[in-house]
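Summary of the model geometry
Each chain, written out:
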Amino acid sequence: GLRFFRLEEEMNVVSLKEEESKTLIERAELLIAFLNEKTGRRFPARNPRGSPTANADLVMARLREGYTAQDCRSVVMLKVRQWLHDERMVKFLRPETLFRRSNFEGYLGELGDVE
């Protein structure tokens, strides 16, 4: 519906071609940076030695399964809209919750309900 279109519009989407040329960790970094920007948090994508964090591992796992960066951004935006101003739920705006396989699949399913 129209609301979903507006959701897409505010995502500052990196061009698909540019995104496809990036490594998996670089793509995960962009998505975690997107989550951080939308939530005002500072989840790291790499540890001090430069290896992927558990946060990045979750995002990379979803990308490996064939989900797109756009799918990931859509889930982030959906949950930010639902939870950012909800005192009880705001703490769940984190990679561990959003990108856990079972949760992520459920949240993607909710996108069809956004009207």
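Structure: see above.
Residues numbered from 1 in each chain as written. Predicted model: local features only at pLDDT ≥ 70, side-chain atom pairs only at ≥ 80, totals over all residues. Heavy atoms only, no water.

1. A few points about helix α3 (residues 24–39)
- The end-to-end C-alpha distance of α3 is 23 Å, a good match for the 22 Å that 16 residues give at a rise of 1.5 Å each.
- Within α3, burial applies to I25, A28, L31, I32, F34, L35, N36, K38 and T39.
- Buried residues along α3 sit against α4 (54–64), α5 (69–83) and α6 (95–98).
- Downstream of α3 by one or two residues, G40 has phi in the positive range, about 75 degrees. (Helix = DSSP H or I, 4+ residues; strand = E, 2+ residues; numbered from the N terminus. Expected span 1.5 Å × (residues − 1). Buried < 20%, exposed > 50% of the residue type's maximum accessible area, 1.4 Å probe, protein only. Contact = heavy atoms within 4.5 Å.)

2. Section: the nonpolar core
- Ranked by internal contacts, the top residues of the largest apolar core, which has 27 residues, are A56, V59, V76, L98 and F99.
- Sorting the residues of this core by element identifies α3, α4, α5 and α7 (101–110) as the ones contributing at least two each.
- At 8 residues, α5 tops the list of elements feeding residues into this core.
- With near-sequence residues (within four places) excluded, A56 lies in contact with I25, A28, I32 and A45. (Core = buried A, V, L, I, M, F, W, Y, C linked by side-chain atoms within 4.5 Å.)

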